[in-house]
Amino acid sequence: RIGRCVDLRAVTKQLPCASCLCFSKLLLLMALSKLDAGTVRVFGQSSLPLVGVGSAVFLSKRYTVQQWCSLVAISVALVTFYFVKDEVRQKNHRLDRLPGRGIDAAGLVLIL
């Protein structure tokens, strides 16, 4: 098994996936400078619907109706969280004086 770690063919085969994972983690760290940690953690779950849609479109993966409903439910929950948190921040000016950050569109883009 250790031989596969130094096998050049195996490493180059896994390099694109590993690079994308590394890049996504770097963008996640950049998002922490724009958003609070709780928001980053919640929106980190957006990878589930994105991977589902991406695999259906690009890899012709077929999902059941129940699986699609689960992906839609996660997406609706994320959008609801975004709007509720933003509305609370706008209505309560005291939150602006508290430590922490509001929702920043640039931070959301970095997470996705």
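Sequence order sets the numbering: in each chain, residues are counted from 1 along the sequence as written. Reporting in this predicted model follows two pLDDT cut-offs: at least 70 for local features of residues, and 80 or more for side-chain atom pairs to be given and counted; totals over whole chains, interfaces and linings ignore these cut-offs and use all residues. The basis for every side-chain value is the complete set of heavy atoms in the structure, and neither hydrogens nor water enter the calculation.

**Student:** In this structure, what is going on with unusual backbone geometry? I would like to understand it.
**Tutor:** With the exception of glycine, the majority of residues adopt a negative phi angle, and the majority of peptide bonds are in the trans configuration. The phi dihedral of Ser60 is positive, around 55°, even though this residue is not glycine. Only protein chains enter the calculation, and the probe is 1.4 Å; a residue is then buried if its accessible area is under 20% of its type maximum, exposed if over 50%, and partly exposed in between. Ser60 gets classed as exposed once you look at its relative accessible area, which sits at 59%.

**Student:** What is the right way to look at a nonpolar patch on the surface in this model?
**Tutor:** A surface patch of nonpolar side chains, amounting to about 560 Å² of accessible area, comprises Val53, Val57, Phe58, Leu59 and Trp68. Secondary structure follows DSSP: runs of H or I at least 4 residues long count as helices, runs of E at least 2 residues long count as strands, and numbering of each begins at the N terminus. The dominant element in the nonpolar patch, judged by the number of residues it contributes, is helix H4 (residues 47-58), at three residues. Positionally, Val57 belongs in helix H4. Relative accessible area serves as the criterion here: at 56%, Val57 is assigned to the exposed category. Only residues whose relative accessible area exceeds 30% and that form no salt bridge are eligible for patches; like-charged ones are grouped when within 9 Å, while nonpolar side chains (Val, Leu, Ile, Met, Phe, Trp, Tyr) are grouped when within 5 Å. Surface exposure here means Shrake-Rupley accessible area, sampled with a 1.4 Å probe, where a residue is shielded only by the protein chains that are shown. In the sections that follow, a salt bridge refers to a side-chain nitrogen of Lys or Arg positioned within 4 Å of a carboxyl oxygen of Asp or Glu.

**Student:** Looking at this structure, I do not really get the confidence of the model for the chain. What am I missing?
**Tutor:** Detailed reading of the predicted coordinates is not advisable wherever pLDDT falls low. Each residue carries a pLDDT score, the predictor's confidence in it, ranging from 0 to 100. Here the chain averages 79 in pLDDT, while 81% of its residues score no lower than 70. Put simply, helix H6 (residues 94-97) is where the chain has its lowest mean pLDDT, 54, and H4 is where it has its highest, 86.

**Student:** Sorry if this is basic, but what is going on with the side chain of Ser55 here?
**Tutor:** With respect to the helices, strands and loops of the structure, Ser55 is situated in helix H4. Two residues qualify as a contact provided that any one of their heavy atoms is within 4.5 Å of a heavy atom in the partner residue. In contact with Ser55, other than residues within four places in its own chain, are Ser60, Lys61 and Tyr63.

**Student:** Help me out: how do you make sense of the packing of aromatic side chains in this one?
**Tutor:** Where two aromatic rings form a pair, the distance of their centres and the angle of their planes describe that pair. Stacked, tilted and edge-to-face are the three classes applied to pairs of Phe, Tyr and Trp rings, where Trp contributes its six-membered ring and a pair requires centres within 6.5 Å; stacked means planes under 30 degrees apart, edge-to-face means over 60, and tilted covers the rest. Inspection of the entire model under this criterion finds two aromatic pairs. On the basis of an interplanar angle of 85° and a centroid distance of 5.4 Å, the ring pair of Tyr63 and Trp68 is categorised as edge-to-face. The class for Tyr63 is partly exposed, based on a relative accessible area of 23%.

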